[in-house]
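Close look at the chain arrangement
Next come the chains, spelled out residue by residue.
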Amino acid sequence: MTEKPVVLLPEDIQRIMGKDAQRNNIMAAKMVAEIVKTTLGPKGMDKMLVSPTNDIIITNDGVTILNEMQIEHPAAKMMVEIAKTQESEVGDGTTTAVMIAGKLLENAEKLLDRKIHPTVITKGYRIAAEKAQEILKEISLKITPDDEDILKQIAMTAMTGKGAEGAKEKFAEIIVKAVKQIQTNGKIDLNDIKIEKSQGNSIKDTELISGIVLDKEKVSADMPGIVNDAKIALVDFALELKNPEIDTKISISSPEQLQSFISQEEKTIKEMIEKVKASGTNVIFCQKGIDDFAQYLLSKENIYACRRVAKSDMEKISKATGGKIVSNLGELGSSELGYAQIVEEVKHGEDNLTYIKGCQNPKALTILIHGGTGHVMDETERALKDGLGDIVSSLKFGLVVPGGGAIEIELARRLREFGQSLSGREQLAVEEFASALEFIPTTLAENAGMDPIDILTELKSRHDSGERNAGLNLFTNKIENVLEARIIEPYKIKSQAINSASEVAIMILRVDDVIASSETSGGMSGMPPGMRGMD
Ligand code: ADP
Ligand code: MG
């Protein structure tokens, strides 16, 4: 009797099983790590990304690179997720996180080759990850918000080798000052720091404005260009005549009737502007429209006005100036008004911006980036955001670690020591985990054109002899005490990177069957040539 084949899945389903599935996923993950590897550290290179519409991005930022690449392989996508998590949790360390995950998987492959079962590897990795967190916390150094100098050094470490490098001291000062200023009751919300860009001058001219810079001009040329001692009204309704065609149905049978209707509406507007004036307002920001007639009346009263201000900007102006956003003119009195020393329209290259500055104890601020081209400003912004993220997490956790690979070497050393207490196979996994961490210093060296093996050997022996802060200083290209050289990073970069890298590595290792429906299977085979691990 011949058995009929059993058909479980439709034909257009792609399925890879067992070792093939594992190898294919590991390969894809390794490739992702390989892509970002050359950008790591101060001597890392940048990448130029060209979109289908020919937009160009030049960047050194791990998460930006991976985001723009439109990666489709499912395991590779999980790697991209690590970068995204790192970006949202810390704002820096994206390359590091992805590289550690890639290396964890690459090293796991070695163990798979030695016929060690994936569950043993994942167990060992889990133990190692937990222990690594414990050690990390133990060897991190405490800082307080008063350690401004250290905070500045952290921001500078984040920006070394990036777009903002040329002015990193100034940037570090701006970052630390801005973050401390917006801190309220120990809470920091980076949304309160507005980043605005203005083409022209150089990035060295980037400035911190104690207030808000709005990408808006005043609505009418007849309004004052500058207002000193600004009393600012914030309204979220329109200062407009109601449009009879759209808003309401009224029947008008004669031109006189229409005229009287319009003058009635004009009267309403007049009353509105009178109320604005009566409150003492000399600057008004309106979230909706301001029509010609209202503009005319405001100009006559010498009031500076901007219309269609984004809600998020309205909120920032409110935080910066202390003004309240009102939804009803009846509520508008002098106590609802915000204050700024100066509100003025400033021409920047092609644009006119509105500066609201000299706010007293503003709880929202603006960093105004200057730069020759859009690409330069965009990359500067990314570097600046890395620095901002680092300062926030340094303040939040109050813990920092030495950079330049020092922390990774020390972690690896202590992990190996700890591994000795484990059974044979798990010990192997812990060792591979430790050596995955060493991928960071070896890559820092490699990207700087130094010999990674020599560097690793020396780093290890220095740590073995008790120099726990020995790292690779890429200012001097020497191995030395990097804390003294002020190469410092927040603890959270490393703890988050280790956490998400190990989680994803473990998750990928546990998969031994990939079943992809036809739409998504394009992703498995549809990677660029050279990224296809399984065809
Ligand atoms: P990530 O996306 O992971 O933040 P970066 O390109 O910002 O990647 O590189 C961060 C790494 O560069 C960290 O390991 C940090 O310690 C290291 N680093 C920064 N400045 C220096 C320096 N001057 N010398 C050596 N290493 C440095
Ligand atoms: Mg970084």
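The present account deals with the structure reproduced in this document.

Procedures and definitions
Each chain carries its own residue numbering, running from 1 in the written order of its sequence. For naming, the first written chain is A and the first written ligand is 1, with later ones following in the order written. Note on the predicted model: pLDDT of at least 70 is required for a residue's local features to be given, and 80 or more for side-chain atom pairs to be given and counted; whole-chain, interface and lining totals, by contrast, use all residues. The side-chain quantities take in all heavy atoms of the structure and omit both hydrogens and water. Numbering goes from the N terminus for both helices and strands, where a helix is a DSSP run of H or I of at least four residues and a strand is a run of E of at least two. A 1.4 Å probe rolled over the protein chains alone gives each residue an accessible area, and that area as a share of the maximum for its type sets the label: buried under 20%, exposed over 50%, partly exposed in between. Throughout, a residue-residue contact means that at least one pair of heavy atoms, one from each residue, lies within 4.5 Å. What sets the accessible areas is the Shrake-Rupley method with a 1.4 Å probe; for residues, cover comes only from the shown protein chains. Angles here are taken between N-to-C directions and fall from 0 to 180 degrees, while the axes themselves are lines fitted to C-alpha atoms, restricted in helices to the stretch in contact. Crossing handedness: left-handed means the near helix sits turned counterclockwise from the far one by under a right angle, and right-handed means the same turn made clockwise. We call Asp, Glu, Lys and Arg charged. Ala, Val, Leu, Ile, Met, Phe, Trp, Tyr, Cys and Pro are nonpolar, and the rest, Gly among them, are polar. For two strands to count as paired, DSSP must find a minimum of two bridges between them. Salt bridge, as used here, is a side-chain nitrogen of Lys or Arg placed within 4 Å of a carboxyl oxygen of Asp or Glu. Cavity means a closed set of points on a 1 Å grid over the protein atoms alone, one where a 1.4 Å probe fits but cannot get out, pocket means an open set with protein on both sides within 12 Å along at least 5 of 7 lines, and lining means a residue has an atom within 4 Å of a point. Grid points are joined across faces, edges and corners, and a volume is the space filled by probe spheres set on the points.

1. Structural notes on the overall build of the chain
When its secondary structure is counted, the chain shows 17 helices and 19 strands. Along the first, second and third principal axes, the C-alpha atoms of the chain reach 95 × 75 × 40 Å. By residue count, 51% of the 535 residues in the chain fall in the buried class. If you take every contact in the chain between residues at least 6 apart in sequence, the share linking residues at least 24 apart comes to 75%. When the accessible surface of the chain is summed, it comes to about 24,900 Å², and 48% of that surface belongs to carbon and sulfur atoms.

2. Concerning the packing of helix 4 (residues 94–113) against helix 16 (residues 491–509)
For any two helices packed against each other, the geometry is given by the interaxial angle and the distance between the axes. Their axes nearest at 8 Å, the elements helix 4 and helix 16 cross at an angle of 40 degrees. For the pair helix 4 and helix 16, the sense of crossing is right-handed. Along its contact with helix 4, which presents T96, A97, I100, A101, L104, L105 and A108, the element helix 16 presents K494, A497, A501, S502, A505, I508 and L509. Of the residues in the contact of helix 4 with helix 16, the class split is eleven nonpolar, two polar and one charged.

3. Quick word on the environment of E410
Inspection of the secondary structure puts E410 in helix 12 (residues 406–419). Given a relative accessible area of 2%, E410 falls into the buried group. A sequence separation of 233 residues divides E410 from K177, and the C-alpha atoms of the two residues are 32 Å apart. Beyond its immediate chain neighbours, meaning those up to four positions away, E410 contacts I139, H463 and R468.

4. Description of the pairing of strand 16 (residues 470–473)
Where strand 16 lies against strand 17 (residues 478–481), four bridges are found, and the strand directions are antiparallel. Bridge pairing in strand 17 places L472 opposite I479. Taken together, strand 16 and the strand that follows it, strand 17, pair antiparallel across an intervening segment of four residues, in which N477 is found at a positive phi of about 60 degrees.

5. Focus on the pattern of salt bridges
All told, the structure shown has 35 salt bridges when counted by the stated rule. For R23, the salt bridge goes to D113, with nearest N and O atoms at 2.7 Å. You can see R23 sitting in helix 1 (residues 18–37) and its partner D113 sitting in helix 4, a full 90 residues away along the chain. Look at the salt bridges and you will find they share partners, linking E138, E410, R413, R414 and E417 into a network.

6. Thoughts on the sheet that holds strand 14 (residues 365–371)
Here three strands make up an open sheet; going across it, the order is 5-14-6 and the pairing mixed. Each of the sheet's edge strands pairs with one partner strand only, and the pair in question is strand 5 (193–199) and strand 6 (207–209). If you compare each strand with its neighbour and ignore which way they point, the axes differ by 25 degrees on average.

7. Remarks on unusual backbone geometry
For R308, which is not glycine, the phi dihedral falls at a positive 50 degrees. With respect to the helices and strands, R308 occurs in the loop between strand 10 (304–306) and helix 10 (311–321). Residue class for R308 comes out partly exposed when judged on its relative accessible area of 48%.

8. A look at the layout of surface pockets
The space that makes up the largest pocket amounts to roughly 390 Å³. For the lining of the largest pocket, the secondary-structure elements that each account for two or more residues are helix 3 (74–89), strand 5 and helix 11 (374–397). The biggest single contributor to the lining of the largest pocket is helix 11, with six residues. Of the residues belonging to the lining of the largest pocket, the class tally is six nonpolar, five polar and five charged. Volume-wise, the second largest pocket comes out at about 250 Å³. Forming the walls of the second largest pocket are 14 residues, and the residues nearest its centre are Q22, L112, I116, H117 and P118. Of all elements in the fold, only helix 1 and helix 5 (118–139) reach the threshold of two or more residues within the lining of the second largest pocket. Among the elements that take part in the lining of the second largest pocket, helix 1 stands out by supplying four residues, more than any other. In the lining of the second largest pocket, the residues fall into four nonpolar, five polar and five charged.

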